[in-house]
Amino acid sequence: MITPDFVKNLRLGIEPITDKTCILVESALCWVLKNTTITFKIDDLEKIPANVRLFVTKYIDIMGLRPGIASESIGSLSQSFNTDTSGLIYDAANDIFGDLMKTAVSFVSAGDRWR
C-alpha cells in the first residue's frame, strides 16, 4: 500500500496528497507494470524511471476528468468533446513509452482446435 510519504518522495508535484492520490499513484504504477515491458519494484523509489513518474502525473490528470461528452457554444459556433478516459490513458502511455508498450493484440493458435 502506498503512503502519502511515498508519493511525496516521488516528487510528482502533486498537492495536496490525499488517500485518493495514493490510490491513483498505486493504480498508475500497476498499470505501467501490466501494460509495458518496464520492470521495477513499486517500493523502491530510486528504481522508478522518470518516464514512469511522468506517466503517473498524466494518469492522475486523466482520471480527474469527468467522462462523457462536453459541448460549448459561442454565438453561432459550437464544438463537442468526447472524454474517453481509457483511450486517453493509452494515448498518453504511447506518447511516453512508445516501443516499451505491450501490444493490445494477442494471437491464439487455432491449429490445436482441429486435432
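Just so we're clear, the structure is a prediction, and the values are computed from it rather than from any experiment.

**A short note on helix α4 (residues 85-97)**
- Over its 13 residues, α4 extends 18 Å from the first C-alpha to the last, a length consistent with the 18 Å expected when each residue adds 1.5 Å.
- Buried within α4 we find I89, A92, A93 and F97. Angular distribution of buried residues about the axis of α4 spans 105°; they occupy a single face of the element.
- Where α4 is buried, its residues touch α2 (19-35) and α3 (50-63).
- Looking at the residues trailing α4, positive phi occurs at G98, about 55°.

**As for the packing of α2 against α3**
- Close contact between α2 and α3 brings their axes to 9 Å; oriented N to C, the two are set at 120°. By the angle between their directions, the pair α2 and α3 is classed as oblique. As for the relative orientation of α2 and α3, their crossing is right-handed in sense. Contacts from L24, V25, S27, A28, L29, W31 and V32 of α2 reach α3 at V52, F55, V56, Y59, I60 and M63.

**Examining the packing of aromatic side chains**
- All told, the structure shown has 4 aromatic pairs when counted by the stated rule.
- An angle of 50° between the planes, with centres 5.5 Å apart, marks the rings of F55 and F97 as tilted. Here F97 lies in helix α4 and F55 lies in helix α3, a separation of 42 residues in the sequence.
- An aromatic cluster is built from W31, F55, Y59, Y90 and F97, whose rings are joined through pairwise contacts.

**Considering the nonpolar core**
- In this structure, V25, L29, W31, V32, V52, F55 and F97 are the most contacted members of the largest nonpolar core, which totals 28 residues.
- Only α1 (4-9), α2, α3 and α4 provide two or more residues apiece to this core.
- With 7 residues, the single largest contributor to this core is α2.
- Apart from the residues lying within four places of it in its own chain, the contact partners of L29 are I2, F6, F40, I42, I48, V52 and V56.

What counts and what doesn't
- Residues numbered from 1 in each chain as written.
- Predicted model: local features only at pLDDT ≥ 70, side-chain atom pairs only at ≥ 80, totals over all residues.
- Heavy atoms only, no water.
- Helix = DSSP H or I, 4+ residues; strand = E, 2+ residues; numbered from the N terminus.
- Expected span 1.5 Å × (residues − 1).
- Buried < 20%, exposed > 50% of the residue type's maximum accessible area, 1.4 Å probe, protein only.
- Arc of directions from axis to C-beta.
- Contact = heavy atoms within 4.5 Å.
- Axes fitted to C-alpha atoms, helices over the stretch in contact; angles between N-to-C directions.
- Parallel < 35°, antiparallel > 145°, perpendicular 65-115°, else oblique.
- Left-handed = near helix turned anticlockwise from the far one by under 90°.
- Phe/Tyr/Trp six-rings, centres within 6.5 Å; stacked < 30°, edge-to-face > 60°.
- Core = buried A, V, L, I, M, F, W, Y, C linked by side-chain atoms within 4.5 Å.

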